[in-house]
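Next come the chains, spelled out residue by residue.
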Amino acid sequence: MSENKKFRSKSGKERTVRVIIYIFLTVLCVIWLIPFIYLIFQAFRGESTSMVTYIIPRKWTFDNFIFLFTKTNFGHWYLNTFIIALFNAVLQTVIVLCVAYALSRMRFKGRKFLMNLMLVLGMFPGFLSMIATYFILKLFGLTSENAVPGLILVYAASSGMGYYIAKGFFDTIPKSLDEAARIDGASRARVFFRIIMPMAKPIIIYTIMMAFIAPWGDFMYASLITFGHEEAYNVAVGLYKWLDKEHISNYFTIFCAGGLLVSIPITALFMALQKYYVEGVTGGAVKG
Amino acid sequence: MSKLSELEYLGLPPAKRKLHDIGQFFARLPGNLLHFLKKIPLGIWRCLCAVGRFFAGIGHIFADGDWKTRVSFLVMGFGQFFRRQIGRGIIFLGMEGLFIWFMSMFGFGYLAGMKDLGTQATVKTLNDYGLEVVTYKDNSLKILHGVLTIFIVIGFLWTWYINIKQNYTAQKLIEKGVRPKSFRNDIKSLADEQYYKTLLAVPLLGITIFTIIPIFFMILIAFTNYDYSHLPPDKLFGWVGLDNFQTMLATDASGSDKFAYTFREILIWTLIWALIATFSNYFLGMFVAICINRKGIRFKKVFRTILVMTIAVPQFVSLLLVSKMFADDGIVNSVLMNWGWITEKIKFWTTQDMARIMVLVVNLWVGIPYLMLIATGVLMNIPADLYESAKIDGASGFRQFTKITLPYMLFVTGPYLLTSFTANINNFNVIYLLTAGAPKTMAYEGGAGGTDLLITWLYTLTVTNNDYKIAAVIGILVFIVVAVISLIVYNVSPAMKNEEDFQ
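Model, not experiment: these values are computed from the prediction.

In this section: the overall build of chain B. In terms of helices and strands, chain B carries 20 helices and two strands. On C-alpha atoms alone, chain B measures out to a radius of gyration of 31 Å, which is more than a quarter above the 23 Å that the 2.2 N^0.38 rule sets for 503 residues. For chain B, the proportion of its 503 residues judged to be buried stands at 44%. The long-range fraction of contacts in chain B, counting pairs at least 24 apart against all pairs at least 6 apart in sequence, stands at 63%. Of the roughly 25,700 Å² that chain B leaves accessible, carbon and sulfur atoms contribute 67%. Treating the 45 positive side-chain charges of chain B as one cloud and the 33 negative ones as another, the clouds have centres 9 Å apart.

Shown next as structure tokens:
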């Protein structure tokens, strides 16, 4: 500490560097915050629903939110998205953990092949499969008015390919733990539930969180599968339409209000679980 | 950096050793690349050998098997019934029965339909009142049924192979005097030695139905003329061979090369975009991380939290809003004009160059926080003694960055750089939500615009233009681009190979 103090007092250069960094970071933060502040201001603006040339509203109001729930299908969209997100969080987490455990802990014929196959499949652009996915869902009758179960199915079905981060985490749990338990007569299934699962809490939370958040932002699949049936939209598809040329002058502040309602719970959840997110992301990036 | 002998290497302090490793990695890159290219023919040869061995194995089973095993080649599960594995036998026999029923009822019809995808789409007849009635006959989308049938056949062949193999194994066990596993043991092992089968069954079924089959379907579509003028159920589409690829890469049927031109231009922009977007985010994100994590800087958590908010807010809200903020009559232009800084509106999205710069800049807004998080994690792990010794040697801050921080970061996050490069090639959200590909230009075919990436063009072609055949071709070409880049990098970088090292 004393050394640190000496160093600080000695070097005026160090102080200027720090001041520059503070200024830089503050400017950065302001730039990063502007769109969100703008969003909040617009959501509560009362004098008109179109875009205006000033930032701070002249009249503050809740009308936009009331309009959302009384005059539009926003409530439906919100509920749809919430249901999808909830189911997706459960199904996707189960699937990802199963795949990750099998590929991390067990050695079987075809394991390498399977991993390479999923790697190659991941290189195809997601859209390529969209049209066929649509027809397959249609075969099961899960489009338009039944789009909610259809979307849950689509999200969950392909989630097995996103096992990398969870597998990377399982890889770091020492294998000797499994082996000790297996010598004591525990089956693989028991090892999975009793030993690995309790240790995998951070990655389970990370997976649940990502699986819950993803459906809120999905536009491409949802727009295709819900096509032509407004009540089945999710929030992204519903709100997107309000910013096109015909609607924007009547719906701009409504869009902002809706966007705010979507953002608040997601952001709150994200911030609360930030620690796990950082762990998952850095772990995933470093180990590939 | 020259290669040290083992003794010299071990004599180095651990920190320097790490640095040496990193230097060696970059020095070996070109060699590894060459090595990889040499490996391709070898890999193909090995593949062929494996296929050969597979069929030889089947032949061997038939030659070496007893009569029960041989009958099982035709009647699945036959051998199992005689070897006290009745449970397995019933399953195999049942599957064969089901398969035969399916194929005779539907399967062969579907497969036959694949040949010309239907001959007559609709029949118009007059009903009793003299009104025209349209009856739908063939539908080219039956191709999907054909694809499903193909996968069922493949699945059946695989089951058949397992069946004969199990017969053979059981036969050998009995010859040795061991009793093959009973059905109850089979079930039990699904929770133990074969637990992976239990774990992977559902996920793999999902991937097969919703990823593999659709991709296979779209690859087939690339060889048909399925587009807006051949939409079922009113019209039929059929096989056209490699015509679509020719349209895309050279000239189309009418001799115009507009599609090829558009494709080339968009491919180049996609690669430029991916390169700049990846590296600008990478370096600026790292820079911000270094600033925030610098010794003596306070409010680290506040800065970090504010930046991370962009990750949390759903992109369709934040990006759509940003795109409207920079619109011609958006808030940015208005405020700048109110302040008297500009007199004419800046056309952020309506000229190609400006729009391209804007998407790259806004992408920084999206990407920097993410990189900042990753870089923070990695920076913490750099051994502190590296910096200590550098300081003693009198290295400046900049030199420390280029000689220690940067190589270390690149070494550790190499695989991430690759994934983020390929993710940027397919970065739909940023482009579509910001510009939707605009500004559109007449120079491009297929509704493409100045900021369109291949992936957003693919979207426009499918959803807006219904030009499925061309979309399928683009999808395949995107795959080839991504696959080639990934294959090379995966094979060259060491981090991907040593999977077992972590455990």
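This paragraph deals with the overall build of chain A. Secondary structure assignment for chain A yields 15 helices and zero strands. Counting over 288 residues, chain A shows a buried share of 53%. The contacts in chain A between residues at least 6 apart in sequence include a share of 72% that link residues at least 24 apart. For chain A, the accessible surface area stands at approximately 13,200 Å², while carbon and sulfur atoms represent 68% of it. A gap of 11 Å separates the mean positions of the 28 positive and 15 negative side-chain charges of chain A.

Attention shifts here to the interface of chain B and chain A. If you look at the interface, chain B gives 100 residues, while chain A gives 103 residues. Where chain B meets chain A, there are two salt bridges. For Arg 182 of chain A, the salt bridge goes to Asp 192 of chain B, with nearest N and O atoms at 2.8 Å. Considering every element that reaches the side of chain B that touches chain A, the biggest residue donor is helix H8 (residues 195-221) of chain B, with 18 residues. Considered class by class, the residues forming the side of chain B that touches chain A number 73 nonpolar, 17 polar and ten charged.

All names here are of chain B. The assigned domain composition of chain B is domain 1 (6-49), domain 2 (67-241) and domain 3 (258-498). Look at where the C-alpha atoms of domain 1 and domain 3 centre, and you get two points 30 Å apart. On the domain 3 side, the residues contacting the twelve residues of domain 1 number 13 residues. For domain 1, the biggest contributors to the area lost against domain 3 are Ile 22, Phe 25 and Phe 36; these three give 39% of the whole.

In this section: the side chain of Asn 427 of chain B. Here Asn 427 of chain B is to be found in the loop between helix H17 (414-425) and helix H18 (428-434). Sequence-distant contacts of Asn 427 of chain B, defined by excluding residues within four places in its chain, comprise Trp 273, Asn 363, Leu 453 and Ile 455 of chain B.

Moving on, we get to the pattern of salt bridges. Counted under the stated rule, the structure contains 13 salt bridges over all chains. When the shortest N-O distance is used, the salt bridge between Glu 230 of chain A and Lys 241 of chain A registers 3.5 Å. You can see Glu 230 of chain A sitting in the loop between helix H12 (220-225) and helix H13 (235-241) and its partner Lys 241 of chain A sitting in helix H13, a full eleven residues away along the chain. Of the residues examined, Glu 230 of chain A reaches a relative accessible area of 36% and is grouped as partly exposed. With a shortest N-O distance of 3.4 Å, Asp 467 of chain B and Lys 469 of chain B are connected by a salt bridge. Among the residues examined, Asp 467 of chain B registers a relative accessible area of 4% and is labelled buried. Relative accessible area serves as the criterion here: at 14%, Lys 469 of chain B is assigned to the buried category.

Glancing now at the nonpolar core. Residues and elements named next belong to chain B. By size, the foremost hydrophobic cluster in this structure holds 212 residues, and its most contacted members are Phe 217, Trp 273 and Trp 457. Looking at this core, the element that brings in the most residues is helix H14 (residues 352-381), giving 16 residues. Lining this core are residues from two domains, each supplying at least three of them: domain 2 (67-241) and domain 3 (258-498). Here Trp 273 is in contact with Thr 278, Val 359, Leu 360, Asn 363, Asn 424, Asn 427, Val 430, Ile 431 and Leu 453, once residues within four sequence places are set aside.

Next up on the list: unusual backbone geometry. Here the phi dihedral of Phe 299 of chain B falls at roughly 55°; this positive angle occurs in a residue that is not glycine. Within the fold, Phe 299 of chain B resides in the loop between helix H10 (258-293) and helix H11 (300-312).

What follows covers the environment of Leu 261 of chain A. All names here are of chain A. Secondary-structure assignment places Leu 261 in helix H14 (residues 248-272). Leu 261 sits in the partly exposed class, given a relative accessible area of 22%. Measuring from C-alpha to C-alpha, the distance between Leu 261 and Tyr 78 comes to 9.2 Å, with 183 residues separating the pair along the chain. Excluding anything up to four places from it in sequence, Leu 261 contacts Phe 65, Leu 68, Phe 69, Phe 74 and Tyr 78.

Among all positions of helix H13 (residues 331-338) of chain B, only Ile 331, Asn 333, Ser 334, Val 335 and Leu 336 of chain B are buried. Buried residues belonging to H13 of chain B abut helix H2 (12-43) of chain A together with helix H12 (315-325) of chain B. One or two residues past the end of H13 of chain B sits Gly 340 of chain B, with phi positive at roughly 80°.

Let us look at the pairing of strand S1 (residues 122-126) of chain B. Residue and element names in this part refer to chain B. Bridge analysis of S1 against strand S2 (residues 132-136) gives five bridges, and the strand direction is antiparallel. Following the sheet pairing, Thr 125 is matched in S2 by Val 133. Counting the residues between successive antiparallel strands, the hairpin from S1 to S2 contains five residues, one of them, Gly 130, with a positive phi of roughly 80°.

Low pLDDT means the predicted coordinates in that region are not meant to be read closely. Residue and element names in this part refer to chain B. The share of residues in chain B with pLDDT of 70 or more is 97%, and the mean pLDDT across the chain is 84. Mean pLDDT across the secondary structure elements of chain B bottoms out at helix H1 (residues 6-11), with 74, and peaks at H10, with 91. The complex prediction reports pTM at 0.83, with the ipTM value standing at 0.87.

Right, let's get into H2 of chain A. Spanning 32 residues, H2 of chain A covers 47 Å between terminal C-alpha atoms, matching the ideal 46 Å at 1.5 Å per step. The largest bend in H2 of chain A amounts to roughly 35° and is located at Leu 33 of chain A, with the proline Pro 35 of chain A lying one to four residues further along.

All names here are of chain B. The contact between H10 and helix H16 (residues 397-412) brings their axes to 12 Å, and the two run at 115°. Helix-helix and strand crossings are classified by hand; for H10 and H16 the assignment is right-handed. Residues Tyr 282, Phe 283, Met 286 and Ile 290 of H10 lie in contact with H16, whose contacting residues are Phe 401, Thr 405, Leu 406, Met 409 and Leu 410. Residues of the contact of H10 with H16, tallied by class, amount to eight nonpolar, one polar and no charged.

The rules behind the values
Residues numbered from 1 in each chain as written. Chains lettered and ligands numbered in written order. Predicted model: local features only at pLDDT ≥ 70, side-chain atom pairs only at ≥ 80, totals over all residues. Heavy atoms only, no water. Helix = DSSP H or I, 4+ residues; strand = E, 2+ residues; numbered from the N terminus. Rg over C-alpha atoms; globule rule 2.2 N^0.38 Å. Buried < 20%, exposed > 50% of the residue type's maximum accessible area, 1.4 Å probe, protein only. Contact = heavy atoms within 4.5 Å. Areas by Shrake-Rupley, 256 points an atom, 1.4 Å probe, with all protein chains shown as cover. Lys, Arg positive; Asp, Glu negative; His and termini not counted. Charge placed at Lys NZ, Arg CZ, Asp CG, Glu CD. Salt bridge = Lys/Arg side-chain N within 4 Å of Asp/Glu carboxyl O. Nonpolar A, V, L, I, M, F, W, Y, C, P; charged D, E, K, R; others polar. Domains from an automatic or database assignment. Buried area = accessible area lost by both parts, 1.4 Å probe. Core = buried A, V, L, I, M, F, W, Y, C linked by side-chain atoms within 4.5 Å. Pairing = 2+ DSSP bridges. pLDDT = per-residue confidence, 0-100. Expected span 1.5 Å × (residues − 1). Bend = angle between axes of the 7 residues up to and from the residue. Axes fitted to C-alpha atoms, helices over the stretch in contact; angles between N-to-C directions. Left-handed = near helix turned anticlockwise from the far one by under 90°.

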